[in-house]
Amino acid sequence: MSEMRVVGVRVELPANQPILLLRETDGERYLPIWIGSVEATAIALEQQGVRPARPLTHDLLKDVIGALGRELEQVRITDLREGTFFAELVFDGDIRVSARPSDSVALALRIGVPIHAEDSVLQEAGLIIPDEQEDEVEKFREFLDSVSPEDFRGADT
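Just so it is clear, the structure is predicted and the values come from calculations on it, not from any experiment.

**Focus: the pairing of strand E1 (residues 2-12)**
On a regular strand, one side chain projects to one face of the sheet and the next to the other, so that they alternate.
At step 1: For E1 and strand E7 (residues 115-117), the ladder comprises 3 bridges, and the chain directions are antiparallel. Looking at E7, one finds that Met4 is bridged to Ile115.
At step 2: Examined bridge by bridge, E1 and strand E2 (residues 17-24) share 8 bridges and lie antiparallel to one another. Looking at E2, one finds that Arg10 is bridged to Ile19.
At step 3: From the end of E1 to the start of E2, which pair antiparallel, there are 4 residues, and Asn16 there has a positive phi angle of about 55 degrees.

If you want it as structure tokens, here you go:
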């Protein structure tokens, strides 16, 4: 199991599909996960420190967890089957709840808990970016600094 950090989200063209990019905290593998635009917006807002006037779903879930006296300890990306990633929320008392990775990461960012990925998931879907491509990662970070949450809204919203 490897701890991951959120590099950010971006929109993959031409399909306009958001991608969540994670990187091993103590390693060199990246884990790209295609996610929905709503979750991409929630992650981008939290990374940018934007507080909406009313709580979003992930903010509400954070408040519900606290109101029930529970503690989210970590999120885990546990599996990859037929192109679909699976995750779980790990609470105090070793209570585990199945969740989508995008929702799990959005919640982890809000609560400030670690994100982990199973080694089997990283072996199957992890990418190592060669040194000559590190400038591409830097360009991606610059892109993240310039992108706004509105960029993740679909044409129909």
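After presenting the structure, the write-up continues.
**Re helix H3 (residues 101-111)**
At step 1: The buried fraction of H3 amounts to 8 of the 11 residues, a majority that puts the element mostly inside the structure.
At step 2: Within H3, the full set of buried residues consists of Pro101, Ser102, Ser104, Val105, Ala106, Leu107, Ala108 and Arg110.
At step 3: Gly112 occupies a position one or two residues after H3 and carries a positive phi of about 85 degrees.

**Concerning the side chain of Asp59**
At step 1: Here Asp59 is to be found in helix H2 (residues 57-67).
At step 2: Engagement of the side chain of Asp59 in a polar contact is seen with the backbone nitrogen of Leu56, the distance being 2.9 Å.
At step 3: A distance of 2.7 Å separates a polar atom in the side chain of Asp59 from a polar atom in the side chain of Arg110.

Calculation notes
Residues numbered from 1 in each chain as written. Predicted model: local features only at pLDDT ≥ 70, side-chain atom pairs only at ≥ 80, totals over all residues. Heavy atoms only, no water. Pairing = 2+ DSSP bridges. Helix = DSSP H or I, 4+ residues; strand = E, 2+ residues; numbered from the N terminus. Buried < 20%, exposed > 50% of the residue type's maximum accessible area, 1.4 Å probe, protein only. Polar contact = N/O pair within 3.5 Å; in protein donor to acceptor, adjacent residues only side chain to side chain.

Function cannot be inferred from these measures alone, as they are strictly geometric.
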